[in-house]
Structures are given as structure tokens and as C-alpha cells.
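The chain contents come next:
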Amino acid sequence: MPSSSAPLLIAGASGTLGRAFQLVCRIRGLPAVALDRAALDIADAGAVARALRAHAPWAVVNAAGYVRVDAAEADAARCCHENTTGPAVLAAACAAQGPQLLTFSSDLVFDGRQAAPYREDDPACPLGVYGRSKLRAEEAVLARLPAALVVRTSAFFSAWDAHNFVAHALGAARRGEPFAAADDLFVTPTYVPDLVNTALDLLLDGAGGRWHLANQGTYSWAELARLALGLAGLDAAAVVPRPAAAFGWAARRPRQSALASVHGALLPSVESGLQRHLRDEQLLQSAHPPAILVG
Ligand SMILES: NC(=O)C1=CN([C@@H]2O[C@H](COP(=O)(O)OP(=O)(O)OC[C@H]3O[C@@H](n4cnc5c(N)ncnc54)[C@H](OP(=O)(O)O)[C@@H]3O)[C@@H](O)[C@H]2O)C=CC1
Ligand SMILES: Cc1cn([C@H]2C[C@H](O)[C@@H](COP(=O)(O)OP(=O)(O)O[C@H]3O[C@@H](C)C(=O)[C@@H](O)[C@H]3O)O2)c(=O)[nH]c1=O
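Residues numbered from 1 in each chain as written. Chains lettered and ligands numbered in written order. Predicted model: local features only at pLDDT ≥ 70, side-chain atom pairs only at ≥ 80, totals over all residues. Heavy atoms only, no water.

**Looking at the packing of helix H5 (residues 165–174) against helix H8 (residues 270–285)**
For the pair H5 and H8, interaxial distance at closest approach is 12 Å and the crossing angle is 60°. When the axes of H5 and H8 are compared, the pair comes out oblique. Between H5 and H8 the crossing geometry is right-handed. On H8, the residues touching Val166, Ala167, Leu170 and Arg174 of H5 are Leu274, His277, Leu278 and Glu281. Split into classes, the residues belonging to the contact of H5 with H8 amount to five nonpolar, one polar and two charged. (Axes fitted to C-alpha atoms, helices over the stretch in contact; angles between N-to-C directions. Helix = DSSP H or I, 4+ residues; strand = E, 2+ residues; numbered from the N terminus. Parallel < 35°, antiparallel > 145°, perpendicular 65-115°, else oblique. Left-handed = near helix turned anticlockwise from the far one by under 90°. Contact = heavy atoms within 4.5 Å. Nonpolar A, V, L, I, M, F, W, Y, C, P; charged D, E, K, R; others polar.)

**Here's the deal with the site of ligand 2**
The full set close to ligand 2 counts 17 residues, and Ser106, Asp107, Tyr130, Ala180 and Ala182 are the nearest of them. A distance of 2.8 Å is found between an oxygen atom of ligand 2 and a side-chain nitrogen or oxygen belonging to serine 106. Between ligand 2 and arginine 253 there is a distance of 2.9 Å, counted from an oxygen atom to a side-chain nitrogen or oxygen. Protein coverage of the free-state accessible area of ligand 2, which is 670 Å², stands at 75%. No other element matches strand E7 (residues 179–182), which puts four residues into the shell around ligand 2. Its residues assigned to classes, the shell around ligand 2 comprises 13 nonpolar, two polar and two charged. (Near = heavy atom within 4 Å. Polar contact = N/O pair within 3.5 Å; in protein donor to acceptor, adjacent residues only side chain to side chain. Areas by Shrake-Rupley, 256 points an atom, 1.4 Å probe, with all protein chains shown as cover.)

**A look at the sheet that holds strand E5 (residues 149–153)**
Read across the open sheet, the six strands follow the order E2-E1-E3-E4-E5-E10; overall the sheet is parallel. Lying at the two open borders of the sheet, with one neighbouring strand each, are strand E2 (32–35) and strand E10 (209–212). Pairs of neighbouring strands in the sheet enclose a mean axial angle of 20°, with direction left out of account. For E5 and E10, the ladder comprises four bridges, and the chain directions are parallel. Among the inter-strand pairings, valine 150 is bridged to a residue of E10, identified as arginine 210. (Pairing = 2+ DSSP bridges.)

**Overview of the packing of aromatic side chains**
Here the structure, examined in full by the defined rule, presents six aromatic pairs. An angle of 40° between the planes, with centres 5.5 Å apart, marks the rings of phenylalanine 157 and tyrosine 191 as tilted. Of this pair, phenylalanine 157 sits in strand E6 (residues 156–157) while tyrosine 191 sits in strand E9 (residues 190–191), placing them 34 residues apart in sequence. Neither residue differs from the other here; phenylalanine 157 and tyrosine 191 are each classed as buried. Here the aromatic residues Phe165, Phe179 and Trp221 are joined through ring pairs into a cluster of three or more. Over the ring of tryptophan 249 we find arginine 253, and its NZ or CZ is 5.0 Å from the ring centre. (Phe/Tyr/Trp six-rings, centres within 6.5 Å; stacked < 30°, edge-to-face > 60°. Buried < 20%, exposed > 50% of the residue type's maximum accessible area, 1.4 Å probe, protein only. Lys NZ or Arg CZ within 6 Å of the ring centre and 35° of its normal.)

Below, the structure is given as C-alpha cells:
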């Protein structure tokens, strides 16, 4: 447990997950120091050591990463620098200087050949550069800091950022445009506020090792889009189901990378997440959005 005044240090603060951690820490009254790439390059060992000395955090949240899955296929060096070297540097510094570390991995460490949802103890065999960079990060972090909390998660959505699949689907439907979505890739989507709150609870409880955190329910991307549109009162016929191969993506995706956990079902249903996504959209678009949500 942290001392009352020691902060949480959030690296990668300007990204989707980093901004969500800042918002949740504000809502929960947790002291936090949020550092973007300019303020802290997680792959720079000297800068990391100086940041830990300067801020004396009780824990470090690594919300940084290279998430362009397709671009990574032709940009392996940068992807691995940010996704593998960076977390390894953070783990070595936390091992030397004391704070706990929370870092995030992905469902894309799996190859999709298994029929059932993947649990933490199932073998990982990534299909692409991005997935390999995340699996190598898990191994590098746990080798340096066995008590680190490594959360595998997938398919973010929330109303707190505009650049996620659900936001894109809702936006297209509201503009009266068709929205092509893969109907042969199956995932467990994750409502980012649930992920952040549960990951923080685990961190505060001193949990460590690999944990799978995603909302409950497995969907193809097309099913997810249709569910979101239906809950929003929009015409789900706007969703145009397509095989993944029709998109011409550079990176292969596992046919299914649903996440389950040996620890049980820790997050609510995907449908509950979507309903709160739509509620937050209305709050943020209202004439007087809650100040705490707007920051
Ligand atoms: N989005 C998703 O669906 C999922 C994401 N994840 C993981 O969650 C984490 C966060 O993802 P997400 O928030 O979506 O990603 P974003 O791209 O929204 O944010 C990532 C942030 O990390 C920063 N960053 C990259 N490299 C460094 C570095 N060396 N030092 C400091 N900051 C750096 C980026 O800065 P800049 O803007 O300057 O590039 C960016 O602000 C990643 O590890 C990702 O792999 C896991 C599963 C699903
Ligand atoms: C934009 C778009 C995407 N898709 C598909 C492609 C992709 O498989 C999925 C989500 O598209 P994205 O571009 O968000 O990302 P994609 O790279 O597949 O998603 C991944 O992001 C990385 C960071 C992860 O770690 C994974 O868990 C996963 O969330 O939806 C459609 O079917 N239709 C669309 O119009």
C-alpha cells in the first residue's frame, strides 16, 4: 500500500490509457505524476532513474507503447524499442529503486489456434511484430522484476477518446455511412474505465504476475459494432461484415484472442461497458459536462 502522499507515476501520459489513468486517479483522489514522452522517454535509463528519484512514486504505470499493429510489420526496430526495451528499462529501475510496476500487454501475444478463450497459463505464440514485442516485454519485465503486475488486455473502447473501434462505428452510423467490420476475428473488448479501475485495485492490493483483464463477452468486430449501434438506437444495418482478409492489413490477427482469467471474471459485461460508453458520450456532449471528466 502506498504512503498517503507518495504519487503514482504514469508514463505515456498523453495516450489513451495514460489519459484514462490520470482521469481515474483524479476521480479516486489518488496523487499522480503524469509524464508524456517529452517528459520521460521510458527507454532512456538515465531519465527513468532521475524521474524515480525526483518523484519517489509508490508505483509506476507504464501506459506507453507502440500500438500501430500493421505499421509495426515494417517498423520492427521502433516497435520493439518502445514496447520491449522501454518496459525492460522501467522494470530494472523499479527493481533498483523500489516502486511497484504495472505494465500492459495484449491479446495479440496469442496465435488464435486455441478454440477456448485464453487464460494466463495458456501458451503464447504471437503472429506478428507487435505481438512478439509485447510477449518479449512480459518476459523481460518479469525477469527483472518478478513481482511486476503485467496486465494483458484487448480492444479498448471508451467515450474518453475518439480513436477506438466503437467510437468509429458510432460515428460512421451517425453520419449515415456504412462501416466495414471484420466478422471472422473474435475478441473480448475492454471498456477502458473498467480496465483502469481494476488494474489500480490490483496494484493497490500488491498483485503481481500476469493477469488477463477484459470485459466479459466474446464478439467478432462486426458483432461488437452491431451491438454498439443497437444500444445507441442506430441502424445496425450500417455495419458491413467483411472477412479480415478483405481489409488488406499488413499484420495477421489471431482468429480468436478472447481473454479469460484463472482469477475469474473481474470486469463487468461488454454490454455494460457499452451502455456506460454511451452515457459518458452524453455527459461529455452536454452543455455542462462534469468538470472532473473534462479535466
Ligand atoms: N489500444 C488497445 O486496444 C490496446 C492497447 N494495449 C496496450 O496499452 C498500452 C497503451 O495503449 P494506448 O493507450 O492505446 O496507446 P496510445 O498510442 O494511445 O498511447 C501510447 C503512448 O505512449 C507514448 N510512448 C510511446 N513510446 C514511448 C516512450 N518510449 N516513452 C514514453 N512514451 C512513449 C506515445 O507517445 P507519442 O504520442 O509521442 O508517440 C503515446 O502517447 C500499450 O502498451 C498497448 O500495447 C493493449 C491491448 C489493447
Ligand atoms: C477501423 C476498423 C477496424 N476494424 C478491425 C481491425 C482490427 O482488427 C480491429 C481494431 O482495429 P484497430 O486498428 O483498433 O486495432 P487492432 O490493431 O487490431 O486492435 C488492436 O490494437 C492493439 C494495440 C491491441 O493490443 C489489440 O488488443 C487490439 O485492440 O477492428 C474493422 O473491422 N473495421 C474498421 O473500420
